[in-house]
Amino acid sequence: MTISTPVELIVAAPGRKSRGLAQAIARRIGIAVIVIWGAITASFLALKSMGGDPVQSIAGGVVQVTPELREQIIAKYGLDDSFFQQYLSYLGGVLQGDLGTSYALRRPVVEAIAEQLPNTMTLLITATVFAVAVAFIVSLTTAHRGKRVRSTFQALESIGVAVPAFWLGIMLITIFSFGLRMFPSTGANGVAALVLPSIALGLPVAATLSQVMRDTLEKTLDEPFIVTVRARGAGEFVVRVRHALRHSLVSVITLVGWLSGTLIGGAVVVEQVFSRPGIGRMIFSAVLNKDMPVVLGIVIVAAVFYVIVNTVIDLLYPIIDPRLR
Amino acid sequence: MLNTPSRRTMRLVTSGAAALAITAGLVACSAEESTTASGGDPVSGGTLTFASNGDTDCLDPHQSAADLAALYSRPILDSLVSLTDDGEVHPWLAKSWTVSDDQLTYTFELRDDVTFTNGEKFDAAAVKANFDHIVDPTTASALSAGYIAPFVAATVLDDYTVSVEFSSPFSAFLPSVATAYFGMEAPETLLQDPGELCKVIVGTGPFMSETGYVAQQGITYLKNPDYNWAPETANHQGAAYLDELVMTIVPEDSVRLGSLSSGEVDAIASIPPVNVESLEADSNLYTDSAAAPGGNYNYFPNTEMGVFADIDVREAFRMGIDFDTLVGSVYFGAFEPANSPIAPNTAYYDPSQESSYEYDADAAAKLLDDAGWVMGADGVRVKDGEKLAIQMPMISGAREQRDTLAQQVQAEAAKLGFEMVIESQDLGSYVEALGNGSYDLIEISWQRSSPDVLRTLFDSANIPDGGFNTAFSRYTSPVIDDSLADALATLDPDELTELYGTAQQEIADQVLVFPQYVFSYILGASTSAQGIEWEPQAFPIFYDAWKSE
């Protein structure tokens, strides 16, 4: 689910400046609603077509359901309604902020997600910050450097992209938790517990980012204006950080927005490996248990997250590149 | 190394015969034996951290059917009676009990010195409140209500006398009521929304937890300093030794093992069989295991349709595959191969029917030849144009490498001329296939505390009819149905031995099950964590546990 091509939207904006900000905002909200509605509908269809008896899932899987319990469950969850009725009543609930009751956890989905969301958000944010920081440092220091330096880092980046988060997580735990005893291997207590999961989640993203960033940096460094800057006597640091970096930022943050979706998927694995509470682990067990309200709820949260990240990025474009104002 | 020898510290053995001998020893020993032979005297104080392998849906065992609900709730909840692993019932919160002649009414005399940790008194009204809570439709009990299906009512006779009435004789009641699923909760808390009880429960047990169960994180307990009503089956009386007990959840096997060997936690659940040996090699660690009573991990043939409708084909499949060796090689001897639908430590287990499950590949091949199944060019036998094909649905992501075992069985079945197809399915589809009987072979384990599990698994009344049910081989035998029904109506040990024996022999004669292994809970612990005991249903309990320096 891509929400739009952000660059296009903003690039088109200057021509319609007079039509005002209000319209741009309305347009953005409209797109957000369509994205979220699409995500709900697609997930609803997918989950309903998976087969299996929902009463059995609600009762807890491999358990005997007495006729009385069956009736009670059907009545409570409205399972005898038609498919379309169930869909509409779910959408109606969403509009009122009610995501239903979890089959397995026996509590409101909103409450269950709210409890775990901060953990996952903290992880996603630190992983992103880590990834961006690593990408900045690596790309700034290696762009247009000697062939050996570049190819070494390119190889490392390829490995970084290819390494499964699961394996990376286990390796990090083995070395830094069980070996060096620097960081805890499990849980979400304190900053120390955030270090390894953020690296496991952020490293593949950092590798992707720094590849792209170095490419654009190198292209920028070949631009004629860089020659002008150098001619004015600017040092290498100033050339790279003040002038070239700014040009490559647009493509980098576009990529960050796109990768934010990947990060949510990665959180499922990383939370599992590091025994970290969060919505990633929650959706994992919800899918196994066919806990439909929880799966749908987390899909909505993920869609909202994606929309927010990309909106923020769209707002950043004109700040980074004044030509887009 | 095992430096805390106890009746249950079974050495993990590789040969099936040795395993059986050890199990026999396990059943015979008494419960009063100490586990601290070489560990010194228990000391009070300290925190023990136990890393479990998974989440429960709900902490309240009246609601949940999860094994882990029993593990997490047991430190908080006591039961009316306690069960030893030889199936004997002992007093606990009930001092004594009587059973009416028609076996429809159980009357319990309760202890009068017990209080819940919220200050409520434990009395006859509290027991009634608990039974009423279990059968209340709003509790939507997934297990305990079904356990006591013939329940009619609990009646308060006086302050400390309560009777429980059934509509039909129910000899499995006491072993059932001894489990954590019938743990006694404080009556006031039972009035809350069921969802609240999924987080916080209050009982009379040796530990309490005000913060309760936190999904994905676990639960922290503090000791109940006033505890003075441990069952006589425990190793000590009075308050628990530990000040604090922490159960965390670490789903990844390798991380859980690492947390133990690096000393981050004191004990861990579910050691993968492959890791037992390396863990034992570490002098600071030990493993301990307990076999679960009730149904083994079994394969059940669908006797209603397909090739397994023919008893000769079932017999050939049972004889022609060396299940014992397969189990031994997949689990490195950590799980005992099964030669009966129920575990040897289940009460009224009949060892005489074990011989029916012996391996004889030549006899199996001959049986198929004689029955007219001709080996085809593709290695699959054919009779009257019908292939000797079987289809087995499996839940994807099965625990304990059950998929590996299934592949080995598949390979062995192929040698006999069976074409065995394993279909990996999600839980919902699996349960649906099970309900409709659209399978030739189905695999499931069904651990329970009493031999009444035979009725669960083989009584024709429990043949799945659309929804989930448990008589997976879908076979109707008056011999089985009658003897199991009669067993419910007697408490006489001799009669029970005979009735349950008859049923087990008939199950073997009709080839209604291909037993795989006896599920054992394998625990790993640091040598500083002593005295961890076992609930008869094979999960660890921490009342007698203590930490050494």
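Computed from a predicted model, the values in this text were never measured in an experiment.

Rules and cut-offs
All chains use their own residue numbering, which begins from 1 and follows the written sequence. Chain letters start at A and ligand numbers start at 1, both assigned in the order the entries are written. Given that the model is predicted, a residue must reach a pLDDT of at least 70 before its local features are reported, and side-chain atom pairs must reach 80 or more before they are shown or counted; all residues, however, enter totals for whole chains, interfaces and linings. Remark: hydrogens and water are excluded; side-chain values derive from all non-hydrogen atoms of the structure. To qualify as a helix, a DSSP run of H or I must reach at least 4 residues; to qualify as a strand, a run of E must reach at least 2; elements of each kind are numbered from the N terminus. Computation of the radius of gyration draws on C-alpha atoms alone. For the globule rule, the value is 2.2 Å times the number of residues to the power 0.38. Note on areas: Shrake-Rupley, 1.4 Å probe, and residue coverage restricted to the protein chains presented here. Charge counting treats Lys and Arg as positive and Asp and Glu as negative, with His and both chain ends excluded. A charge is said to be at NZ when it belongs to Lys, at CZ for Arg, at CG for Asp and at CD for Glu. Buried means the residue's accessible area, taken with a 1.4 Å probe over protein chains only, is under 20% of the maximum for its type, while exposed means over 50%, and partly exposed covers the values in between. Should any heavy atoms of two residues lie within 4.5 Å, those residues are considered in contact. Definition used in this section: a nonpolar core is a set of buried Ala, Val, Leu, Ile, Met, Phe, Trp, Tyr and Cys residues joined via side-chain atoms within 4.5 Å. Accessible surface is computed with a 1.4 Å probe, and the buried area is the amount of it that two parts give up when combined, taken over both parts together. When a carboxyl oxygen of Asp or Glu is within 4 Å of a side-chain nitrogen of Lys or Arg, the pair counts as a salt bridge. Scored from 0 to 100, pLDDT records how confident the predictor is in each individual residue. Only the stretch in contact is used when fitting a helix axis, every axis being a line fitted to C-alpha atoms; angles between N-to-C directions are given from 0 to 180 degrees. The hand of a helix crossing depends on one turn: near helix anticlockwise from the far one by less than a right angle means left-handed, and clockwise means right-handed. Charged means Asp, Glu, Lys or Arg here, nonpolar means Ala, Val, Leu, Ile, Met, Phe, Trp, Tyr, Cys or Pro, and polar covers whatever is left, Gly included. Here, a strand pair is defined by DSSP locating no fewer than two bridges between the strands. Definitions used for this entry: grid spacing 1 Å over protein atoms alone; cavity, a set of points where a 1.4 Å probe fits but cannot get out; pocket, an open set with protein on both sides within 12 Å along at least 5 of 7 lines; lining residue, one with an atom within 4 Å of a point. Grid points are joined across faces, edges and corners, and a volume is the space filled by probe spheres set on the points. Counting rule for disulfides: a pair of cysteine sulfur atoms within 2.5 Å. Where each domain begins and ends follows an automated or database-derived domain assignment.

Peer 1: I tried to follow the overall build of chain B on my own but got confused; where do I start?
Peer 2: Counting its regular elements, chain B contains 17 helices and 26 strands. In summary, chain B has a C-alpha radius of gyration of 24 Å against a globular reference of 24 Å for 549 residues, a match within 12%. Taking the principal axes of the C-alpha coordinates as reference, chain B spans close to 75 × 55 × 40 Å. Only carbon and sulfur atoms are counted for the fraction: they give 51% of the accessible area of chain B, which is about 18,900 Å². Side chains of chain B carry 24 positive and 82 negative charges; the gap between the two charge centres is 3 Å.

Peer 1: Whenever I open this one, the overall build of chain A confuses me. Can you help?
Peer 2: Counting secondary structure elements, chain A contains 13 helices and 0 strands. From first element to last, N terminus to C terminus, chain A shows the α and β order α-α-α-α-α-α-α-α-α-α-α-α-α. Per-residue burial for chain A yields a buried fraction of 46% across its 325 residues. When contacts within chain A are restricted to residue pairs at least 6 apart in sequence, long-range pairs at least 24 apart make up 75% of them. Between the mean site of the 27 positive side-chain charges and the mean site of the 19 negative ones, chain A shows a separation of 12 Å.

Peer 1: Teacher, can you tell me more about the nonpolar core here?
Peer 2: Judged by nonpolar contacts, the single largest core of 176 residues is most densely connected at L80(B), F108(B), F131(B), F173(B) and F317(B). By residue number, the principal contributor to this core is helix α11 (residues 236-273) of chain A, which donates 15 residues. Residues in contact with F317(B), not counting those within four places in the same chain, are F308(B), F323(B), I390(B), V409(B), A413(B), L416(B), F418(B), M420(B), L441(B) and F514(B). Core analysis: the next-biggest nonpolar cluster, separate from the first, contains 36 residues, I36(A), I58(A), A112(A) and A303(A) among them.

Peer 1: Even after reading the chapter, I still don't get the interface of chain B and chain A, so can you show me in this structure?
Peer 2: Many authors give the size of an interface as the accessible area that is lost as the parts come together. At the junction of the two partners, chain B supplies 41 residues and chain A supplies 40 residues. Together, the buried faces of chain B and chain A total about 3,000 Å²; carbon and sulfur atoms form 53% of this surface. Along the contact surface separating chain B from chain A lie 2 salt bridges. A salt bridge links D57(B) to R106(A); the shortest N-O distance between them is 3.4 Å.

Peer 1: What am I meant to see in the confidence of the model for chain A here?
Peer 2: Regions with low pLDDT should not have their predicted coordinates read in detail. All names here are of chain A. Of all residues in chain A, 93% attain a pLDDT of 70 or more, and the chain-wide mean is 84. Taken element by element, chain A is modelled with least confidence in helix α1 (residues 6-12), mean pLDDT 43, and with most confidence in helix α6 (residues 109-142), mean pLDDT 91. In the model, residues 1-16 has pLDDT below 50 throughout and makes 25 contacts with residues more than four positions away in sequence or in other chains.

Peer 1: Please explain the packing of helix α8 (residues 165-179) of chain A against helix α9 (residues 192-221) of chain A as it appears in this structure.
Peer 2: For any two helices packed against each other, the geometry comes down to the angle between their axes and how far apart the axes lie. Residue and element names in this part refer to chain A. One way to put it is that α8 packs onto α9 with a least axis distance of 9 Å and a crossing angle of 140 degrees. The way α8 lies across α9 gives a crossing that is right-handed. Of the residues in α9, those touching α8 at A165, L168, G169, L172, I173, F176 and S177 are L196, I199, A200, L203 and P204. When grouped by side-chain class, the residues that make up the contact of α8 with α9 number 10 nonpolar, 2 polar and no charged.

Peer 1: Could you clarify how one ought to interpret the sheet that holds strand β15 (residues 374-375) of chain B in this entry?
Peer 2: Through backbone hydrogen bonds, the strands of a sheet pair up, either in parallel or in antiparallel fashion. Residues and elements named next belong to chain B. Reading across the sheet, the 3 strands line up as β15-β16-β17 and stay open at both edges, with antiparallel pairing between neighbours. Since the sheet does not close on itself, it has two edges, and those belong to β15 and β17 (386-387), each with one partner. For β15 and strand β16 (residues 381-383), the ladder comprises 2 bridges, and the chain directions are antiparallel. Residue V374 lies in a different strand from β16, and its bridge partner there is V382.

Peer 1: Sorry if this is basic, but what is going on with the sheet that holds strand β6 (residues 151-158) of chain B here?
Peer 2: All names here are of chain B. The strand order across the open sheet built from 4 strands is β4-β5-β7-β6, with neighbouring strands paired in antiparallel fashion. At either margin of the open sheet sits one strand with a lone partner, and together these are β4 (94-99) and β6. Across this sheet, the average inter-strand angle for adjacent strands is 20 degrees, counted without regard to direction. Packing against the sheet, helix α3 (residues 124-135) makes contact with β5 (105-110), β6 and β7 (161-166), and its axis sits at approximately 165 degrees to β6.

Peer 1: Please clarify how empty space enclosed by the protein should be interpreted in this entry.
Peer 2: The gaps of empty space that remain are located by a probe, the size of a water molecule, rolled over the atoms. All names here are of chain B. Tallying each qualifying case throughout the model produces 7 cavities of 30 Å³ or more. Taken as a whole, the largest cavity encloses approximately 430 Å³ of empty space. Those elements that provide at least two residues to the lining of the largest cavity are β2 (81-83), β24 (533-535) and β25 (539-541). The element that contributes the greatest number of residues to the lining of the largest cavity is β24, accounting for 3 residues.

Peer 1: Is there a simple way to explain the pattern of salt bridges in this structure?
Peer 2: Note on pairing: side chains with opposite charge can pair once their charged atoms come close. All names here are of chain B. As enumerated under the stated definition, the model contains 22 salt bridges over all chains in all. Between R74 and E535 there is a salt bridge whose closest N-O contact spans 3.1 Å. With R74 in the loop between α2 (67-73) and β2 and E535 in strand β24, the pair connects residues that are 461 residues apart, well separated along the chain. Each of the two residues, R74 as well as E535, counts as buried. Put simply, R256 and D253 hold a salt bridge, and the shortest N to O gap is 2.8 Å. With a gap of 3 residues between them, R256 and D253 both fall in helix α8 (residues 253-261), about one helical turn apart. Its relative accessible area of 1% is what places R256 among the buried residues.

Peer 1: Help me out: how do you make sense of the pairing of strand β21 (residues 514-518) of chain B in this one?
Peer 2: A regular strand places its side chains on the two faces of the sheet in alternate fashion. Residue and element names in this part refer to chain B. Within β21, 5 of the 5 residues are buried, which leaves it mostly tucked inside the rest of the structure. Across 3 bridges, strand β13 (residues 294-301) lies against β21 in antiparallel orientation. Residue pairing for β21: Y297 is matched across the bridge by Y517. By the bridge criterion, 2 bridges tie strand β14 (residues 336-337) to β21 in an arrangement that is antiparallel. If you follow E336 over to β21, its bridge partner there is V518.

Peer 1: How should I be thinking about the state of the cysteines in this particular structure?
Peer 2: All names here are of chain B. By the definition in use, this model includes 1 disulfide over all chains. Note that C58 is cross-linked by a disulfide to C198, the S-S spacing being 2.2 Å. Between C58 and C198 the sulfur-sulfur dihedral comes to about -90 degrees; the bridge is accordingly left-handed. In this pair, C58 is assigned in the loop between β1 (47-52) and α2 and C198 in the loop between α7 (194-197) and β8 (207-208), connecting sequence segments 140 residues apart. For C58, a relative accessible area of 0% corresponds to the buried category.

Peer 1: Please explain the domain arrangement of chain A as it appears in this structure.
Peer 2: The domains assigned to chain A are domain 1 (54-98) and domain 2 (115-324). Using C-alpha coordinates to define each centre, domain 1 of chain A is positioned 39 Å away from domain 2 of chain A.

Peer 1: Which parts of the structure should I look at to understand the pairing of β7(B)?
Peer 2: All names here are of chain B. Most of β7 sits out of view: 5 of its 6 residues are buried. Summarising the sheet, β5 and β7 pair through 5 bridges and their orientation is antiparallel. Bridge pairing links Y106 to V164 in β7. Across 6 bridges, the pairing between β6 and β7 is antiparallel. Bridge assignment links D158 to a residue of β7, and that residue is T161. Counting the residues in the hairpin turn of β6 and β7 gives 2 residues.

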